[in-house]
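Summary of the model geometry
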Amino acid sequence: SYAEFGKQWYQRRVRGMTIRIWAILCLSIVFISANESVIPTKSEYERYLDQVLLVFSHEPQIVNLLKNASPDDIKNGVIEKTLRRINPQIRSRLDEVKRNIIMEYKQKLRKAKMDDNVPEELYTFTHDDLKHLLNERHERLKQMDDQRRKEFKKFEMEKELKHRMALRAMNEYDRKVQEALDEETQTMKKDKAQKLKHPGNKDQLQDVWEAEGFDRDTFDPKTFFRMHDMNGDNEWDLFEMEAIFEKEVEELFDGLPDVDEDEKYEEVARMREHVVEHMDTSGDGFIQLEEFLEYSKGKEFDHNDPWETVFDDQLFDEAELTEFEKNLDTTDTKELEELAKKEALTREEKIKKYEEESKINMDMLKEHSEKLK
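Residues numbered from 1 in each chain as written. Predicted model: local features only at pLDDT ≥ 70, side-chain atom pairs only at ≥ 80, totals over all residues. Heavy atoms only, no water.

Here we look at the overall build of the protein chain
Secondary structure assignment for the protein chain yields 15 helices and 2 strands. Considering the protein chain as a whole, with its 373 residues, one finds that 41% of them fall into the buried category. Summarising the internal contacts of the protein chain: among those between residues at least 6 apart in sequence, 74% fall at separations of at least 24. For the protein chain, the accessible surface area stands at approximately 22,000 Å², while carbon and sulfur atoms represent 51% of it. (Helix = DSSP H or I, 4+ residues; strand = E, 2+ residues; numbered from the N terminus. Buried < 20%, exposed > 50% of the residue type's maximum accessible area, 1.4 Å probe, protein only. Contact = heavy atoms within 4.5 Å. Areas by Shrake-Rupley, 256 points an atom, 1.4 Å probe, with all protein chains shown as cover.)

What follows is the structure in structure tokens.
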């Protein structure tokens, strides 16, 4: 239901906002030694991130630096100069956090009778640590999107297998009716996809501008950017970007049977990725005001090339699907079979209802024809 979609969408936003905190600060530690003897596990790494996050929360200057710094800032020493100016108490707390983590890991290495040598200079939180934070920032966003795409592909393959199982569970007549309905749905999807505006171009953003109550001809890029910069930090984060495309995606899926909320979310995420790819000249995964204004002056801003939706993208072929099915364990296979049975019953009930409504409509048409005669 739409209410359930709203609940799922909100839950994704809450989970994503937590990730957004990490993406903004991109807190990372790199223990460098001659023999690379100290390598933190994922859980230890995340605990370190949490501790540094709490320290930086008291130093807005560093937070803003991490959000807005460019690759040039890393090279020309801006990061190093800023670190030198932070409150000495904050600096001491950062040193303490790093030192405690190293000491804990050294103890584990000693118990395992491994080399626990860590050069003394690595116990201090330095310019290199902040540099690694920035270098990690974009990589973390990329990993999030890579994981999302993998999960969506798995979801789509499970969905296809379940649908095929459901078709096999139907009688021949219902199966043929359902296959005809499937073809009709695919035609509807193609028709809707052709009407979709290219995300991030002027025509699409003017639609959003108009939907918000403004005259289309008065569209102003700078005003539009500030309207959608919800926290006023002069950049669009991934959630502010995705919010721009939600209305268009809702219209794309409106009226389609068996709408999958995962497909909606994937469509929005793809649009956001596309915009970042074309507007994000700094490569930090976010869109700054200057980047957006510069893009709005170019020829690409006015293009109207067709947009390839999730309906058009062939995520897997038959060989991949067959291999995926082979690798399912017994539990997953049984679960899919049970879901397929439920889907088959649901579709058979819909077909029966559709036929009854069609019969009523035919009877009404016949009666109306008799009256006309």
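A closer look at the confidence of the model for the protein chain
Caution is warranted with low-pLDDT regions, since their predicted coordinates should not be read in detail. Averaged over every residue, the pLDDT of the protein chain is 77; the share at 70 or more is 71%. Considering only residues more than four positions removed or in separate chains, one finds that residues 1–39, a stretch of pLDDT under 50, has 84 contacts. (pLDDT = per-residue confidence, 0-100.)

Let's talk about the pattern of salt bridges
Taken as a whole and assessed by the stated rule, the structure comprises 25 salt bridges. A salt bridge links Arg149 to Asp146; its shortest N-O distance comes to 2.4 Å. Within this pair, Arg149 and its partner Asp146 are both found in helix α7 (residues 127–169), separated by 3 residues, close to a single helical turn. For Arg149, a relative accessible area of 33% corresponds to the partly exposed category. Residue classification places Asp146 among the partly exposed residues on the basis of a relative accessible area of 25%. (Salt bridge = Lys/Arg side-chain N within 4 Å of Asp/Glu carboxyl O.)

Points about the layout of surface pockets
Estimates place the volume of the largest pocket at around 1,500 Å³. Forming the boundary of the largest pocket are 41 residues, of which Lys159, His163, Lys189, Asp260 and Arg347 lie nearest the centre. Taken together, the elements giving at least two residues each to the lining of the largest pocket come down to α7, α8 (172–194), α14 (318–326) and α15 (330–372). Per element, the largest residue contribution to the lining of the largest pocket is 10 residues, and it comes from α15. Partitioned by chemical class, the residues of the lining of the largest pocket number 14 nonpolar, 6 polar and 21 charged. (1 Å grid on protein atoms, 1.4 Å probe; cavity = no way out; pocket = protein on both sides within 12 Å on 5 of 7 lines; lining within 4 Å. Points joined across faces, edges and corners; volume = space filled by probe spheres on them. Nonpolar A, V, L, I, M, F, W, Y, C, P; charged D, E, K, R; others polar.)

A word on the nonpolar core
Leu205, Phe224, Trp236, Ile244, Phe253, Ile287 and Phe292 are the most contacted members of the largest nonpolar core, which has 29 residues in total. Among the secondary structure elements, those contributing two or more residues to this core are α9 (202–211), α10 (221–228), α11 (238–253), α12 (261–279) and α13 (289–296). Once residues within four sequence positions are removed from consideration, Ile244 is found in contact with Gln204, Leu205, Val208, Phe224, His228 and Trp236. Formed by 13 residues, the second largest nonpolar core is a distinct cluster that contains Leu161, Met170, Phe316 and Leu328. (Core = buried A, V, L, I, M, F, W, Y, C linked by side-chain atoms within 4.5 Å.)

Structural notes on the packing of aromatic side chains
Applying the stated criterion to the full structure yields 13 aromatic pairs. Geometrically, the ring pair formed by Phe225 and Phe292 is tilted, given 5.7 Å between the ring centres and 35 degrees between the ring planes. Residue Phe225 is located in helix α10, and its partner Phe292 is located in helix α13; the two are separated by 67 residues in the primary sequence. When its relative accessible area of 0% is taken as the criterion, Phe292 is described as buried. The rings of Trp209, Phe214, Phe219, Phe224, Phe225, Trp236, Phe292, Tyr295 and Phe301 are connected pair by pair, giving a single aromatic cluster. (Phe/Tyr/Trp six-rings, centres within 6.5 Å; stacked < 30°, edge-to-face > 60°.)

Comments concerning α11
Given a rise of 1.5 Å per residue, 16 residues ought to cover 22 Å, and the 22 Å separating the end C-alpha atoms of α11 matches this to within 8%. Residues Leu238, Phe239, Glu240, Met241, Glu242, Ile244, Phe245, Glu248, Val249, Leu252 and Phe253 constitute the buried set of α11. Regarding α11, its N-cap is Asp237, as a side-chain oxygen of that residue lies 2.9 Å from the backbone nitrogen of Phe239 further along. Positive phi shows up at Gly255, right after α11, with a value of about 90 degrees. (Expected span 1.5 Å × (residues − 1). Polar contact = N/O pair within 3.5 Å; in protein donor to acceptor, adjacent residues only side chain to side chain.)

A short note on unusual backbone geometry
With the exception of glycine, the majority of residues adopt a negative phi angle, and the majority of peptide bonds are in the trans configuration. One non-glycine residue, Asn234, adopts positive backbone phi at about 65 degrees. Its place among the elements puts Asn234 in the loop between α10 and β1 (235–236). Of the residues examined, Asn234 reaches a relative accessible area of 36% and is grouped as partly exposed.

Things to note about the packing of α9 against α11
The contact between α9 and α11 brings their axes to 10 Å, and the two run at 85 degrees. Accordingly, the angle class assigned to the pair α9 and α11 is roughly perpendicular. Contacts between α9 and α11 involve Gln204, Leu205, Val208 and Ala211 on the former and, on the latter, Ile244, Phe245, Lys247 and Glu248. (Axes fitted to C-alpha atoms, helices over the stretch in contact; angles between N-to-C directions. Parallel < 35°, antiparallel > 145°, perpendicular 65-115°, else oblique.)

Focus on the packing of α11 against α12
The contact between α11 and α12 brings their axes to 8 Å, and the two run at 130 degrees. One finds that α11 runs oblique with respect to α12. Crossing of α11 over α12 shows right-handed handedness. From α11, Leu238, Met241, Glu242, Phe245, Glu246, Glu248, Val249, Glu250, Leu252 and Phe253 reach across to α12, where they touch Glu263, Lys264, Tyr265, Glu267, Val268, Ala269, Met271, Arg272, Val275 and Val276. Residues that form the contact of α11 with α12 fall into these classes: 12 nonpolar, no polar and 8 charged. (Left-handed = near helix turned anticlockwise from the far one by under 90°.)

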